[in-house]
Amino acid sequence: MLLRYSVSNFKSIGNNIEFSMLPSEDTSDDRFLIEIDTVVGKWKVLKRGAFFGPNASGKTSFVQSLAYARDYIVKGPKNYAVNKVNQFAGNIKSLDGVTSFQFLIYIDKQVYNYGFSLDRSYVHEEWLAILNSSGTFDLLFDRKTTSKLSTRITIFDAYAKSKSVERGLADLLTKSIKSEQADQLFLYKLYENASTHAGIVLSWFKKLQIIYPNTKFQAPPIKIQQDEQFGKFLSEKLHSLDTGVDRVSTTENILDLSDFEEKYNIPSEVIHEIEEIQNGMISLNGKFYIFKEGIKRKITLIQMKFEHSLNRKKVNFDIDDESDGTQRLLDLLPILFRLDNNSHNIYIVDELDRSLHTKLTQYLVNSIGDVSYNNQFLFTTHDVNLLSLKNFRQDEIWFIEKNKNGETRLKPFSDFDIINEENILKDYLAGRFGAVPVIKEGI
């Protein structure tokens, strides 16, 4: 679970901002809380976080900072998906050209503090610490790299007992980061060599699922074919949410590779790769293609079909024929299915309300809040109709805006005194809490 996150010098984020999933102390509202067991006793943690703010305030930058940190940790700097860090364009001397990420996370009764800082060339600092029974943190390792790309890593006793095999291997790895590898994280080095702590922490980051407005749920036709309950779930939800869809199903067509290449204008190198790999799946324009060893020069096209009742007849449509709202629900409803199946994940959705009626957005938020499993759900939104203490605790709500220097800033709603809960939306639109667009007339 995510307990706290801070970031500085990333895109529209300049000086450090901090976000917390730990509830404010001055509330007795126990809705939407999860209780966790730690080495210092039970803690309460929030299940949800909602971010409100005007266009260009930095909501997406905040989500992208989480995605960048996750990808750097899980995939490494050499992976094509991880580009050089995009820093705040306005020069802030105190940041010295360095971007920092820090996470406080909870995994299997342990609380870890992990963070790293880097510029566009190398990792400056990195550390991993664990909460002890006295309520302080013990360092597991600490890493510093100088401007001359000399890296110094210290392994501490809390990591593993001295003279143990795991400690000996970790001590050996401290010398493995040379100047040409200064952009690599030591955590990943430990993970590659079966470190217990590194494996636990890296697995947590792999479960961090981020959904943008253009993110498509991977391989829904395959999932429907493999899991009858998933297909039934999608059908029931789409029908109950008044999309006009009665049932979701899949169809299969087997195509010759030559016809496939010509009909869909597939690059020849893709065809050669299919023939070489022999088993796999590719996605083109929302359609999924399966290729299997044993079916020579053939490829199977699997498509989703959406059944509607029109003039008392059953009619099937392709996904391209469905509305933007229905397609958006297809990206988000799998979250509810996973929650119902007792997962332990963190879902972060940018622009949750994109293409959705406010009642559908409210349904998703309330459904996720009602599920009792240990999942967390963060989202950004422009839908101010969600801004109500009937559906949220005050400390679940955050406001994002830019200051006079163009930096993204975060403000927890719990910092404000609320006199009349019925006037929250009115007060927000009037600018009492900030994070609303300022429209300049006559320009």
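Residues numbered from 1 in each chain as written. Predicted model: local features only at pLDDT ≥ 70, side-chain atom pairs only at ≥ 80, totals over all residues. Heavy atoms only, no water.

**Q** Please clarify how the sheet that holds strand β8 (residues 123-131) should be interpreted in this entry.
**A** Strand pairing in a sheet relies on backbone hydrogen bonds, with the paired strands running either antiparallel or parallel. Taken together, 7 strands build an open sheet; the order of strands is β2-β1-β6-β7-β8-β9-β10 and the sheet is antiparallel. The open sheet terminates on both sides in strands that have one partner only, identified here as β2 (17-20) and β10 (151-155). Here the strands of the sheet are splayed against their neighbours by 10 degrees on average, with no regard to which way each runs. In terms of strand pairing, β8 meets strand β9 (residues 137-145) through 7 bridges, oriented antiparallel. Its bridge partner being in β9, Trp127 is matched across the sheet by Asp142. (Pairing = 2+ DSSP bridges. Helix = DSSP H or I, 4+ residues; strand = E, 2+ residues; numbered from the N terminus. Axes fitted to C-alpha atoms, helices over the stretch in contact; angles between N-to-C directions.)

**Q** I tried to follow the pairing of strand β15 (residues 298-310) on my own but got confused; where do I start?
**A** In summary, the side chains of a regular strand alternate between the two faces of the sheet. A large share of β15 lies buried, amounting to 10 of its 13 residues. In terms of strand pairing, strand β12 (residues 247-256) meets β15 through 10 bridges, oriented antiparallel. Residue pairing in the sheet places Thr251 in a bridge with Gln303 of β15. Bridge count between β15 and strand β16 (residues 313-317): 5 bridges; the pairing is antiparallel. From the neighbouring strand, Ser309 faces β16, where its bridge partner is Lys314. Between β15 and β16, which follow one another and run antiparallel, lie 2 residues, and Asn311 among them has a positive phi close to 55 degrees. (Buried < 20%, exposed > 50% of the residue type's maximum accessible area, 1.4 Å probe, protein only.)

**Q** How do you make sense of the side chain of Ser176 when you look at a structure like this?
**A** As for its placement among the helices and strands, Ser176 is situated in the loop between α2 (165-173) and α3 (186-192). Of note is the side chain of Ser176, whose polar atom sits 2.6 Å from the backbone oxygen of Leu173. Residues in contact with Ser176, not counting those within four places in the same chain, are Gln181 and Lys189. (Polar contact = N/O pair within 3.5 Å; in protein donor to acceptor, adjacent residues only side chain to side chain. Contact = heavy atoms within 4.5 Å.)

**Q** How do you make sense of the packing of aromatic side chains when you look at a structure like this?
**A** Each aromatic ring pair is summarised here by two numbers: the centre-to-centre distance and the angle between the ring planes. Applying the stated rule across the entire model yields 31 aromatic pairs. Arranged with centres 5.4 Å apart and planes meeting at 15 degrees, the rings of Phe399 and Tyr428 form a pair that is stacked. One end of the pair, Phe399, is in strand β19 (residues 397-402); the other, Tyr428, is in helix α11 (residues 424-429), with 29 residues separating them in the sequence. For Phe399, a relative accessible area of 0% gives the class buried. Among the residues examined, Tyr428 registers a relative accessible area of 4% and is labelled buried. Here the guanidinium or amino end of Arg48 rests over the ring plane of Phe32, the centre of that ring lying 3.9 Å away. For Lys223, the ring lying beneath its charged end belongs to Phe230, and the centroid distance is 6.0 Å. (Phe/Tyr/Trp six-rings, centres within 6.5 Å; stacked < 30°, edge-to-face > 60°. Lys NZ or Arg CZ within 6 Å of the ring centre and 35° of its normal.)

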